[in-house]
Amino acid sequence: MSRLRRDGTGVSLATLPGAATLEAALYRVRWQERSLAPPPAGSALQGVPGDRGLPVLGHSLEVLIGGPEYARRRWERYGPVSWLDAFGIREVALLGPDATEIVFTNRDGAFSQRGWDRFIGPFFHRGLMLLDFEEHLHHRRLMQAAFTRPRLAVYMQRVDEIGAVAIARWPASGELRLHFRLKQLSLDIATQIFMGERLGPEADALNDAFVAAVRGGLALIRRPVPGGRWSAGLRGRRRLEAYFRERVPAKRAGDSDDLFTALCHATGEDGERFTDEDIVNHMVFLMMAAHDTSTITTGAVASHLATHSGWQGRVREEALALGDGPLTLEALDRLPLLDLVIKESLRLVAPVPSLARETVKDTELLGHHIPAGILVSVSPWFNHYMPEYWSEPFRFDPERFAEPRREDRSHRFAWVPFGGGVHKCIGMHLGMFEVKTLLVHLLRRYRWELAPGYRMRWDLSALPVPSRGLPLSVERIA
Ligand code: HEM
């Protein structure tokens, strides 16, 4: 009854025979009218079930802190397709690999990247991930020139050198807040392989600008209120733009082997090139996409190895078997156990837990009618914890990715840390190589466990971040 009253229909109905059924029917009709547009008359499709959550807040808090358990509750209540309100926006949550497949393959062109605009558009607009359809393919083809294997080999040589020097300088023993160290290091790596230069005193300001821009996307108050996350994000974006714009002319004129120069020189079959604005937009997005995701993944692997000393020993042996030589791509390809551990860590801690799309036309998904103009989300994090596809999904068990188990093959879209379809991560190989390189250097130098009293927890208020910067007790072994 209380839900009926809240929705504004009469209460006296409850005393009539058959009232409960009638009440439920009325409630459903009204609820749906006020939520998503219902299927067209005569359609065999169902509407989307769902609920608003708390007044004003909707489900924002559960989305922020609930993690996979909250998504699971939705799945159990509503199934793979349901609507909710969060952060002042109405969205349709698409859970499970079947729904993921339909969005990623996007056969009828209904799902647009505009979904991201609502979160990160003001901060990362016109980055590759935010472009759509023909324009996206055109930019992606041009950008591919910066991600060929020979180019990756050059970038990785630099990652190897920078990683080796930086990690050798870390303290020999005691507590090390690994997340903070890695964040600094991966920003340093990104600036050197992307920009071809070491950062001077502006490094901290640049890092602050990135953090502000990323956090701006998940601001609860989504307006430029002074002192708020949104305003700070916009300031961060302006600082980043100025930084890259200033450097475009020199990069166009130069011939160094960094990614910035590769974008400046990328030429399509008909001689088309990126404009200066394209390059600035892509650089801002790429720097963000590259350094946060690699930091999270390396930290997640290190945290799992901290609590699974047997695995730490096994992957160290494998890393030491490569010898002391440079970590070429071929060497990095010879680390099958580390590969399993990274895949399992990407399953347990997907660096991009949820992906956004917007419908640009009415569409059908798993028997439901989804109207145009609706934000939809796909959830790698949820898929990665589904007991339907993974045995004991909360357990760290890298061998689930090895033959003969290959649980990742239980569904083509059960494991999707890099997304899928035409927007699948363009930096996947670069990211995996970077993570491996940093881990090999860590394994060569250190043995580690979680700092005494530390309980591993991931803050999910933006991209996942380990609490307290992931304090580890480290001991130098070389
Ligand atoms: C472990 C590391 C990484 C993870 C887990 C990751 C994850 C993802 C995911 C899930 C997407 C798909 C977004 C969507 O469908 O809307 C994506 C796209 C993208 N990623 Fe990554 N990423 C990683 C590393 C990198 C690196 C190193 C770079 C750049 C050097 C990069 C650049 C991009 C770009 C440009 C896109 C957009 C692709 C497109 O729309 O065509 N990522 N990434």
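Residues numbered from 1 in each chain as written. Predicted model: local features only at pLDDT ≥ 70, side-chain atom pairs only at ≥ 80, totals over all residues. Heavy atoms only, no water.

**With respect to the coordination of the iron atom of the ligand**
There is one protein donor for the iron atom of the ligand, and it is Cys425 (SG), at 2.3 Å. On the secondary structure map, Cys425 appears in the loop between helix H17 (380–384) and helix H18 (428–445). (Donors = N, O, S within 2.8 Å, 3.2 Å for Na, K, Ca; no water. Helix = DSSP H or I, 4+ residues; strand = E, 2+ residues; numbered from the N terminus.)

**What about the pattern of salt bridges?**
Summed over the entire model, instances satisfying the criterion amount to 33 salt bridges. The shortest N-O distance in the salt bridge between Lys251 and Asp258 comes to 3.1 Å. Judged by its relative accessible area of 11%, Lys251 is buried. Linked by salt bridges that have partners in common, Glu344, Arg347, Glu392, Arg395, Asp397, Arg400, Arg405 and Glu407 make up one network. (Salt bridge = Lys/Arg side-chain N within 4 Å of Asp/Glu carboxyl O. Buried < 20%, exposed > 50% of the residue type's maximum accessible area, 1.4 Å probe, protein only.)

**Examining the confidence of the model for the chain**
Keep in mind that low pLDDT regions are not for reading the predicted coordinates in detail. Summary statistics for the chain give a mean pLDDT of 90 and a share of 92% for residues scoring 70 or more. Every residue in residues 1–17 is under pLDDT 50, and counting partners more than four places away or in other chains gives 21 contacts. The low-confidence segment residues 26–33 (pLDDT under 50) makes 15 contacts with residues lying over four places distant or belonging to another chain. (pLDDT = per-residue confidence, 0-100. Contact = heavy atoms within 4.5 Å.)

**Section: the sheet that holds strand E1 (residues 50–51)**
Pairing in this open sheet of six strands is mixed, and the strands run E1-E2-E3-E9-E6-E4 from one edge to the other. Lying at the two open borders of the sheet, with one neighbouring strand each, are E1 and strand E4 (111–112). The sheet contact formed by strand E6 (residues 355–359) and strand E9 (residues 375–378) spans four bridges and is antiparallel. By the bridge assignment for E9, Leu355 is matched with Val378. With respect to the sheet, helix H4 (residues 67–78) is in contact with E1, strand E2 (81–86) and strand E3 (89–94), its orientation differing from that of E2 by roughly 130°. (Pairing = 2+ DSSP bridges. Axes fitted to C-alpha atoms, helices over the stretch in contact; angles between N-to-C directions.)

**Examining the nonpolar core**
Counting 136 residues, the largest nonpolar core has Val92, Phe194, Phe244 and Trp448 as its most contacted members. Tallying contributions element by element places helix H13 (residues 276–307) first for this core, with 15 residues. Sequence-distant contacts of Val92, that is, excluding residues within four places in its chain, are made with Leu36, Val48, Val81, Ser82, Trp83, Ile370, Ile374, Leu375, Val376 and Ser377. Leu64, Leu84, Phe87 and Ala93 belong to the second-largest nonpolar core, a separate cluster that totals six residues. (Core = buried A, V, L, I, M, F, W, Y, C linked by side-chain atoms within 4.5 Å.)

**Some thoughts on empty space enclosed by the protein**
If you walk through the whole model with that rule in mind, you get two cavities of 30 Å³ or more. Looking at the second largest cavity, its volume works out to about 30 Å³. In terms of lining, the second largest cavity is formed by Ser186, Ile189, Ala190, Ile193, Phe194, Ala290, His291 and Glu434. If you list the elements that add at least two residues to the lining of the second largest cavity, you get helix H9 (178–195) and H13. Here the lining of the second largest cavity takes five residues from H9, the largest share from any one element. Partitioning the lining of the second largest cavity into residue classes produces five nonpolar, two polar and one charged. (1 Å grid on protein atoms, 1.4 Å probe; cavity = no way out; pocket = protein on both sides within 12 Å on 5 of 7 lines; lining within 4 Å. Points joined across faces, edges and corners; volume = space filled by probe spheres on them. Nonpolar A, V, L, I, M, F, W, Y, C, P; charged D, E, K, R; others polar.)

**Things to note about the site of the ligand**
Surveying the vicinity of the ligand reveals 28 residues, the closest of which are His136, Arg140, Arg357, His423 and Cys425. Within the side chain of Arg357, a nitrogen or oxygen atom sits 2.8 Å from an oxygen atom of the ligand. The side chain of His423 places a nitrogen or oxygen atom 2.6 Å from an oxygen atom of the ligand. At the level of elements, helix H7 (133–144), H13, E6 and H18 are the ones that each hand at least two residues to the shell around the ligand. With six residues, H13 is the largest single contributor of residues to the shell around the ligand. Its residues assigned to classes, the shell around the ligand comprises 18 nonpolar, eight polar and two charged. (Near = heavy atom within 4 Å. Polar contact = N/O pair within 3.5 Å; in protein donor to acceptor, adjacent residues only side chain to side chain.)

**Describing the sheet that holds strand E10 (residues 446–450)**
Reading across the sheet, the three strands line up as E5-E13-E10 and stay open at both edges, with antiparallel pairing between neighbours. The open sheet is flanked by strand E5 (173–177) and E10, the only strands paired with a single partner. Averaged over all adjacent pairs, the angle separating strand axes in this sheet is 35°, with direction ignored. Here E10 pairs with strand E13 (residues 471–476) via five bridges, running antiparallel. Within the sheet, the bridge partner assigned to Glu449 lies in E13 and is Ser473.

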